[in-house]
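Spelled out from the first residue to the last, the chains are:
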Amino acid sequence: MGRSRSPRRGRGAVEAVAEQVDGGLAQLVPDRERARGWTLLIDDAPQSYVDLDDPAYLSFEYQRRLGHVIDLAAPAGRPVHAVHLGGGALTLARYVAATRPRSTQQVVERDAALVQLVRRELPLDANARIRVRSTDAREGLAKVPDGWADLVVADVFSGTRTPAHLTTTEFLDEVRRALKPGGVYAANLADGPPLAHLRGQIATAAARFAQLALVADPAVLRGKRFGNAVLVASDLPLPVAELTRRAASDPHPARVEHGRALTDFTGGAVPVTDATAVASPAPPPSVFR
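Since the structure is predicted, the reported quantities are computational estimates derived from the model, not experimental observations.

## Things to note about the pairing of strand β5 (residues 45-51)
(1) Moving on: Most of β5 sits inside the fold, with five of its seven residues counted as buried.
(2) Moving on: Direction of pairing for strand β4 (residues 37-42) relative to β5: antiparallel, over a ladder of six bridges. Of the residues in β5, the one forming a bridge with Gly-37 is Asp-51.

Listed below in structure tokens is the structure:
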């Protein structure tokens, strides 16, 4: 695979890295403001941000929202068993390791070349108990023992779309199997008007979990623009009040929908199955400008 480096002004010897991986052209671009901060892009689409000096720092809006879910999934600082479907730059696995020391984590990232690039250029803390499997997300999830995980986080995109087989009730059956009773599932979803994909994913989760919440920018929920939404699911009551407070106080405030309001939001959408699934919609080109 080809690899190139080009100097980044204002960072001395620190250089950007570009390398062809299975999913396209990966670029690691250094942050001018944070000494060891890096943004991962795949084919110019931003994927992850990592600060090697401060792995608890989350830059992307949707990752901050997933960070809130991680914070509230168990008492502060308590180690957890976590499964991450989709690895990127391993941002959220690093976050769990930093905020919940002694946690045991499994990351499933299909793009083996990307994993190698990230491990080489943005090495993990030697004490972090993070195992990375380079395989399809659903196949990797199937290898997780029954009832092992306190938390399953899905953030899987092939290019800019979530693969169809990761959007179904059958997929969520595997998630439930891997979760401990009362464990938490969180998924990063992307959609725009008319929000058919998002509504279908809420209906799908509602068919498998007793409790749901959705965290998103109000403009996305109103169908005004394309964006990310974080879906949270469990069989036990979710910490909706605290999640709402944290989401509202973010630099880019988000709204939390749950209960009847979330049911109404689905607008009669039906659960997605393996037989009916399609990939999530591609974002308009303007999203990455």
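Additional details are given in the paragraphs that follow.
## Considerations on the packing of aromatic side chains
(1) Moving on: Taken as a whole, this structure holds four aromatic pairs when the rule is applied.
(2) Moving on: Ring centres of Tyr-49 and Tyr-57 lie 5.8 Å apart, and the angle between their planes is 75 degrees; on these two criteria the pair is classed as edge-to-face.
(3) Moving on: Ring centres of Phe-60 and Tyr-62 lie 6.4 Å apart, and the angle between their planes is 50 degrees; on these two criteria the pair is classed as tilted.
(4) Moving on: Linked through ring pairs, Phe-171, Tyr-185 and Phe-209 together constitute an aromatic cluster.
(5) Moving on: The ring of Phe-209 carries Arg-176 above its face, with NZ or CZ at 5.3 Å from the centroid.
(6) Moving on: A cation over an aromatic ring shows up here: Arg-199 above the ring of Phe-265, its NZ or CZ 4.6 Å from the ring centre.

## Description of unusual backbone geometry
(1) Moving on: Omega for the bond connecting Pro-193 with Pro-194 falls within 30 degrees of zero, at 10 degrees, which places this linkage in the cis form.
(2) Moving on: Note on placement: Pro-194 falls in the loop between β10 (179-191) and α6 (196-206).
(3) Moving on: You will see that Arg-102, though not glycine, has its phi angle at about 75 degrees, which is positive.
(4) Moving on: Mapping Arg-102 onto the fold places it in the loop between α2 (91-99) and β7 (104-108).

## Focus: the sheet that holds strand β12 (residues 227-234)
(1) Moving on: Across the sheet, which stays open at both edges, the eight strands sit in the order β8-β7-β6-β9-β10-β12-β11-β13 with mixed pairing between neighbours. Strands with a single pairing partner mark the edges of an open sheet, and in this sheet they are β8 (129-133) and β13 (255-258). Between one strand axis and the next, the sheet turns through 15 degrees on average, direction left out of account.
(2) Moving on: Bridge count between β7 and β8: five bridges; the pairing is parallel. For Val-107, the partnering residue across the bridge sits in β8 and is Val-132.
(3) Moving on: Along the sheet, α6 contacts β10, β11 (211-216) and β12; its crossing angle with β10, the most-contacted strand, is approximately 170 degrees.
(4) Moving on: Taken strand by strand, helix α8 (residues 240-248) contacts β11 and β13, and its axis lies near 155 degrees from that of β13.

Cut-offs used in this document
- Every residue gets a number counted from 1 within its own chain, in the order that chain's sequence is written.
- With pLDDT at 70 or above as the cut-off, local features in this predicted model cover only qualifying residues; side-chain atom pairs require 80 or more to be listed or tallied, and sums for whole chains, interfaces and linings still use all residues.
- Side-chain measures were taken over the full set of non-hydrogen atoms in the model, leaving aside hydrogen atoms and water.
- Exposure is judged per residue with a 1.4 Å probe applied to protein chains only, and the accessible area is read against the type maximum: over 50% gives exposed, under 20% gives buried, and values in between give partly exposed.
- In DSSP terms, a helix is any run of H or I states spanning at least four residues, a strand is any run of E spanning at least two, and both are numbered starting from the N terminus.
- At least two DSSP bridges between two strands are required for those strands to pair.
- Aromatic contacts are taken between Phe, Tyr and Trp rings whose centres are within 6.5 Å, Trp giving its six-membered ring; a plane angle under 30 degrees counts as stacked, one over 60 as edge-to-face, and the others as tilted.
- Two limits define a charge over a ring: the Lys NZ or Arg CZ must be within 6 Å of the ring centre, and within 35 degrees of the ring normal.
- For helices, the fitted line uses only the C-alpha atoms of the stretch in contact; every axis is such a line through C-alpha atoms, and the angle between N-to-C directions lies from 0 to 180 degrees.
- Contact criterion: two residues are considered in contact whenever any of their non-hydrogen atoms come within 4.5 Å of each other.

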